[in-house]
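This is what each chain is made of:
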Amino acid sequence: MNRAAMTASQKDFENAMNQVKLLKKDPGNEVKLKLYALYKQATEGPCNMPKPGVFDLINKAKWDAWNTLGSLPKETARQNYVDLVSSLSSSLESSSQVEPGTDRKSTGYETLMVTSEDGITKITLNRPAKKNAINVEMYHEIMRALKAASKDDSSITVLTGNGDYYSSGNDLTNFTDIPPGGVEEKAKNSAILLREFVGCFIDFPKPLIAVVNGPAVGISVTILGLFDAVYASDRATFHTPFSHLGQSPEGCSSYTFLKIMGPAKATEMLVFGKKLTAGEACAQGLVTAVFPDSTFQKEVWTRLKAFAKLPPNAMRISKEVIRNREKEKLHAVNAEECSVLQERWLSDECMNAVVNFLSRKSKL
Ligand SMILES: CCCCC/C=C/CC(=O)SCCNC(=O)CCNC(=O)[C@H](O)C(C)(C)COP(=O)(O)OP(=O)(O)OC[C@H]1O[C@@H](n2cnc3c(N)ncnc32)[C@H](O)[C@@H]1OP(=O)(O)O
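Position numbers for residues start from 1 in each chain and track the written sequence from start to end. Totals for whole chains, interfaces and linings use every residue, but because this is a predicted model, local features are given only for residues with pLDDT of at least 70 and side-chain atom pairs only at 80 or more, for both listing and counting. Values shown for side chains rest on all heavy atoms present in the structure; no hydrogens or waters enter the calculation.

Novice: Just give me the short version of helix H2 (residues 10-22), but keep the residues and values in it.
Specialist: For an α-helix, 3.6 residues make a turn, and residues three or four places apart therefore share a direction. Helix and strand assignments follow DSSP, with helices taken as H or I runs no shorter than four residues and strands as E runs no shorter than two, numbered in order from the N terminus. Any helix carries an expected span of 1.5 Å times its number of residues minus one. Between its first and last C-alpha, H2 extends 19 Å over 13 residues, near the 18 Å set by a 1.5 Å rise per residue. Buried within H2 are the following residues: Phe13, Ala16 and Gln19. Across the axial projection of H2, the buried residues extend over an arc of 115°, all falling on one side. In H2, the exposed positions angled more than 90 degrees off the buried face are occupied by Lys11, Lys21 and Leu22. Think of it in three bands: residues with accessible area under 20% of the maximum for their type are buried, residues over 50% are exposed, and the middle band is partly exposed, with areas taken using a 1.4 Å probe on protein chains only. An arc is given here, and it is the one of the directions from the helix axis to the C-beta atoms.

Spelled out as structure tokens, the structure:
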């Protein structure tokens, strides 16, 4: 993963320091030492204090923790501190005074709701007024949430949407924020971001489940091939209108969709932009199971809560056995798709499609 793009800001760091003070449960000495060490490394750099004497137990433990970080860069220490606090906020809050059935919400996200309860970390895309279109901030926040979920004490992780849509895919206004280097620089930066984003799904270590509550478009569909299970409401549809938008497949779909549904059906979706119903997507293997919308949430969450009670290490290791031999291939596919897209974004076909949407001349 590109660490530079993931570096926490000074403000994130300060927020995390405040969050630590608000933790309702003591995280234990081991974690406190880790926090201390990361804080010192982030603010002062590598430990060059003299080692305390053997009988000065507390200061020696602190010194050891700090010294272990060696020459870890300040920015990385700051990011690790923010990640650790974020995972503590969700895991400790979830195991403390939570009323049954009440989700605990983690703070620090603008475009997501992230909760952790009953062994499940739930990441909810939360821009319902924009049909959960994924803007640049949301790409970053999803990566951050996945990273925290990979380290927290939940067994499984779920991605879902708030409102009537699961997600309308890439926010097309992402293409309007042109940097000083012009559209070429924008395309290059977008390809870097996309590659890093998809890479997080390829590498995610725990069972990852999509709860597709409504229509799904573009990248929110393609990455489903990297999930371990996909549950859909019968109101959901699956649409990848890349040719309509002058674009090409991403999210490793040029590989995963062919494996899942075969080249003929994959071509209908990825090249001709055929929109599938939930039932069709299930018949083609992209979706695990479909539920009537009226009982969708109840049925899915009952099922997921049962899964989350299974031994977490066994689930993680089984996923590793199933997925690991594909990882290298998936990263190569991801890199290739992003580099093709980088060119596509500069094409007249793509630019016209975006302008048409933004000037409301076209919709899917
Ligand atoms: C870093 C870059 C990585 C790039 C990775 C590439 C990914 C590829 C893709 O994901 S391609 C898919 C892109 N998505 C689309 O083309 C969808 C565009 N949206 C629509 O066609 C329609 O909005 C709709 C069919 C999803 C829903 O139509 P409906 O009539 O029900 O609702 P509205 O159009 O009125 O939408 C409500 C408001 O939401 C805004 N909006 C919806 N989707 C997007 C989007 N993808 N990008 C930006 N904005 C979106 C819409 O503009 C409305 O906003 P307003 O109320 O302010 O007008």
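Novice: For the nonpolar core, give the residues involved together with the corresponding values.
Specialist: Ranked by internal contacts, the top residues of the largest apolar core, which has 61 residues, are Phe201, Val212, Phe227 and Phe238. Per-element tally for this core: the top contributor is helix H7 (residues 182-203), with nine residues. Here, the term nonpolar core denotes a set of buried Ala, Val, Leu, Ile, Met, Phe, Trp, Tyr and Cys residues that are joined through side-chain atoms within 4.5 Å. Ranked by size, the runner-up nonpolar core spans 15 residues in total, among them Ile120, Ile156, Ile209 and Ala308.

Novice: Quick one: what's the story with the sheet that holds strand E8 (residues 237-239), residue by residue and with numbers?
Specialist: Ordered by their spatial adjacency, three strands build an open sheet running E6-E8-E9, and the pairing between neighbours is mixed. The open sheet has two free edges, formed respectively by strand E6 (216-217) and strand E9 (276-277), since each of these has just one partner strand. Here E6 pairs with E8 via two bridges, running parallel. Counted as the bridge partner of Val217 is His239 from E8. Should DSSP find at least two bridges between two strands, the strands are regarded as paired.

Novice: Can you explain the packing of aromatic side chains? Please cite residues and give values.
Specialist: Any two of the Phe, Tyr and Trp rings considered here, Trp counted by its six-membered ring, make a pair once their centres fall within 6.5 Å; the pair's planes then place it as stacked at under 30 degrees, edge-to-face at over 60, or tilted in between. For the structure on display, the rule yields eight aromatic pairs. Ring centres of Phe175 and Trp345 lie 5.8 Å apart, and the angle between their planes is 55°; on these two criteria the pair is classed as tilted. Pair noted here: Phe175 is in the loop between strand E4 (156-161) and H7 and Trp345 is in the loop between helix H12 (312-344) and helix H13 (348-358), with a separation of 170 residues, a long-range link. Note on accessibility: Phe175 and Trp345 belong to one class, buried. Judged by centre distance (5.1 Å) and plane angle (65°), the ring pair of Phe197 and Phe201 falls under edge-to-face.

Novice: Can you lay out unusual backbone geometry for me, pointing to particular residues and giving the numbers?
Specialist: For Asn132, which is not glycine, the phi torsion reads 55° and is therefore positive. You can call Asn132 buried: its relative accessible area is 0%. The phi angle at Cys252 is positive, at roughly 70°, despite the residue not being glycine. By the secondary structure assignment, Cys252 is in the loop between E8 and helix H9 (253-270).

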